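Geometric and topological summary
Given next are the chains, with one letter for each unit.
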Amino acid sequence: MKKFFLAPALLFALFIASCSVQKPQPKAYQNIDELFKNSTVLKQHQVGFYLKELGADKAMLQKNADKYFIPASNIKLLSFYTALNMLGDSVAAFNYAMRKDSLFIWPMADASFLHPSFKEQKAFDFLKNSNKKIYLISGRYQGERYGKGWNWDDYNEDFQAELNAFPMYGNMVSLRKDEQGKVLMCPDLSTMFLNDVGSNASLKVAKRATESNDLKLPATLPNGYQQKVPLRFDKNTVENLLTDTLLATGQVLDPVTMLPWRKLPLNAKTFYSIKADSLYKLLLQNSDNFVAEEMLLNCAVSNNLTMRSDSAISVASKTFLADVPDKFQWVDASGLSRMNLITPRDLGFVLQKIYNKVQNEERLFGLLAAGGKTGTLKNMFTGSATPYVFAKSGSLSNNYNLSGYLIGVSGKKYIFSFMNNNFMQPTATVKAEVERILKFVHDNY
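A brief report on the enclosed structure follows. (Residues numbered from 1 in each chain as written. Predicted model: local features only at pLDDT ≥ 70, side-chain atom pairs only at ≥ 80, totals over all residues. Heavy atoms only, no water.)

1. Brief notes about unusual backbone geometry
In this structure, Pro 187 follows Cys 186 across a cis peptide bond, with omega equal to -5 degrees. Mapped onto the fold, Pro 187 is located in the loop between β7 (183-186) and β8 (197-200). Unusually for a residue other than glycine, Gln 359 sits at a positive phi of about 55 degrees. Mapping Gln 359 onto the fold places it in the loop between α9 (344-358) and α10 (361-367). (Helix = DSSP H or I, 4+ residues; strand = E, 2+ residues; numbered from the N terminus.)

2. Thoughts on helix α11 (residues 427-444)
A rise of 1.5 Å per residue sets the reference length of α11, with its 18 residues, at 26 Å; its end C-alpha atoms lie 26 Å apart and thus fit the reference within 8%. Of all the positions in α11, only Val 430, Glu 433, Val 434, Ile 437, Leu 438, Val 441 and His 442 are classed as buried. (Expected span 1.5 Å × (residues − 1). Buried < 20%, exposed > 50% of the residue type's maximum accessible area, 1.4 Å probe, protein only.)

3. Observations concerning the packing of aromatic side chains
The relation between two aromatic rings is expressed through the spacing of the ring centres and the mutual angle of the planes. Across all of its chains, the model carries 20 aromatic pairs by this definition. Centroid distance Phe 94 to Tyr 96: 6.4 Å. Interplanar angle 85 degrees. Geometry classified as edge-to-face. Given a relative accessible area of 13%, Tyr 96 falls into the buried group. Measuring from ring centre to ring centre gives 5.9 Å for Phe 381 and Tyr 388, while their planes differ by 80 degrees; the resulting arrangement is edge-to-face. For Phe 381, a relative accessible area of 2% corresponds to the buried category. Classification of Tyr 388 as buried rests on a relative accessible area of 5%. Members of the aromatic cluster, connected to one another through ring pairs, are Phe 94, Tyr 96, Phe 126 and Phe 271. Here the guanidinium or amino end of Lys 133 rests over the ring plane of Tyr 135, the centre of that ring lying 5.6 Å away. (Phe/Tyr/Trp six-rings, centres within 6.5 Å; stacked < 30°, edge-to-face > 60°. Lys NZ or Arg CZ within 6 Å of the ring centre and 35° of its normal.)

4. Points about the packing of helix α6 (residues 276-285) against helix α7 (residues 289-302)
For the pair α6 and α7, interaxial distance at closest approach is 8 Å and the crossing angle is 135 degrees. The orientation of α6 relative to α7 falls into the category oblique. In this structure, α6 crosses over α7, and the sense of that crossing is left-handed. Two secondary-structure elements touch here, α6 through Leu 279, Tyr 280, Leu 282 and Leu 283 and α7 through Val 291, Ala 292 and Met 295. Of the residues contributing to the contact of α6 with α7, the split by class is seven nonpolar, no polar and no charged. (Axes fitted to C-alpha atoms, helices over the stretch in contact; angles between N-to-C directions. Parallel < 35°, antiparallel > 145°, perpendicular 65-115°, else oblique. Left-handed = near helix turned anticlockwise from the far one by under 90°. Contact = heavy atoms within 4.5 Å. Nonpolar A, V, L, I, M, F, W, Y, C, P; charged D, E, K, R; others polar.)

5. Thoughts on the pattern of salt bridges
A complete count under the given rule lists 17 salt bridges for this structure. A salt bridge links Asp 310 to Arg 308; its shortest N-O distance comes to 3.0 Å. Each member of the salt-bridge network shares a partner with another, and the members are Arg 145, Glu 162, Glu 211 and Arg 232. (Salt bridge = Lys/Arg side-chain N within 4 Å of Asp/Glu carboxyl O.)

6. A look at the nonpolar core
By size, the foremost hydrophobic cluster in this structure holds 54 residues, and its most contacted members are Leu 78, Phe 80, Tyr 280, Leu 321, Trp 330, Ile 354 and Tyr 405. Of all elements in the fold, only α3 (76-86), α6, α7, α8 (309-318), α9, α10 and β17 (413-421) reach the threshold of two or more residues within this core. Beyond its immediate chain neighbours, meaning those up to four positions away, Tyr 280 contacts Phe 80, Ala 83, Leu 84, Leu 87, Gly 88, Met 295, Arg 363 and Leu 367. Formed by 38 residues, the second largest nonpolar core is a distinct cluster that contains Phe 113, Phe 166, Leu 189 and Leu 231. (Core = buried A, V, L, I, M, F, W, Y, C linked by side-chain atoms within 4.5 Å.)

7. Topic: the sheet that holds strand β13 (residues 269-275)
Two pairing modes exist for strands in a sheet, parallel and antiparallel, and in both the strands are linked by backbone hydrogen bonds. The five strands lie next to each other as β12-β5-β4-β3-β13, forming an open sheet whose pairing is mixed. Because the sheet does not close on itself, it has two edges, and the strands there are β12 (257-259) and β13. Between one strand and the next, the sheet's axes are offset by a mean angle of 30 degrees, whatever the strand orientation. Two elements, strand β4 (residues 102-107) and strand β5 (residues 133-137), share four bridges in a ladder whose sense is parallel. From the neighbouring strand, Leu 103 faces β5, where its bridge partner is Ile 134. Set on the sheet, helix α5 (residues 235-247) makes contact with β5 and β12; between it and β12 the angle comes to about 140 degrees. Packing against the sheet, α6 makes contact with β3 (90-99) and β13, and its axis sits at approximately 55 degrees to β13. (Pairing = 2+ DSSP bridges.)

Spelled out as structure tokens, the structure:
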């Protein structure tokens, strides 16, 4: 029998090769995990992160993904998914019934009515061209003027409009200084005797009275001054605002009259105003709190529920959101309340459900803020000719969250939720770190 011997050099080469084969290679998520471990920005506050490939069963990386965070406006993703399930392709403006020369209106919380962001006003035109005496039925909204857990001292801020059944002008009065130095108001409450306007030298911005629409303006205003102040609604304000706007067209001669609640008759019809996607875009790209809240009221009443936010939230939580991994606490549509609590993996789960429900990636990504291009992400993720992050941001004092979809350089698509709560650093610093880590994901995966 012949014996074969391997040369020492060949044996050494095989030994080196075997060692290189056995050397463990880092998994994809480990590189991302190192960014978190080495981050000086993320060390002193609560951080949650969830990342998975779109459509995958298992997550790629989770960090505190099962822990609860205050989502801020990330809760709008739940409101959006609720609307996708409870509304059709158009938004209902009101129910109506006609009787001889009278038109009776049951409002349905249409956020677009006389809203400056919506040029087309089908619902208003319907009222204007009706040639009938208009009666507005009150009492449909069963909630408070503010959401649960909202800050009372934010009543003057443009992100906290009042809630009601028949919103108008975005429930805001817009102020601006013209070239002659005069302060213009839209709607012009003063000409309708709905407010008094004074001045206060100690103010830097206009301040509304807590229980009326009376305004105090700063003694001096800079050129280009603009401000939006929430309207304070009561029966007199609603009647006069709608009446004045209709009379100004010259096609309506009689004032609008509000009537106490009465049941919707069997022959009542529904008038639809705008395409739902135009409302969703304002909700998701601009993170409009007013739109979120009124939209959820619209979801409730469009499905024969009591016109309250918690009516829609209860149905959504028990039906098409009942299968989330962690039980969440959801109290308002906009995320203004710090009582909302949800986990990053819940948000990732909802994002997958949204994607599956829409079944149209171009439509979905077009509704969300796009990095470097639109909405709240216009100044983030810049430098790329094509946006690769499509997401919903959420900000409150000391909190910044971002949840959405990311396209990697490989072309693979990912779902992520990056939550930051209780930080003491400037929000800009935390946002920059969120951007840095997500850009790494894009560039390497």
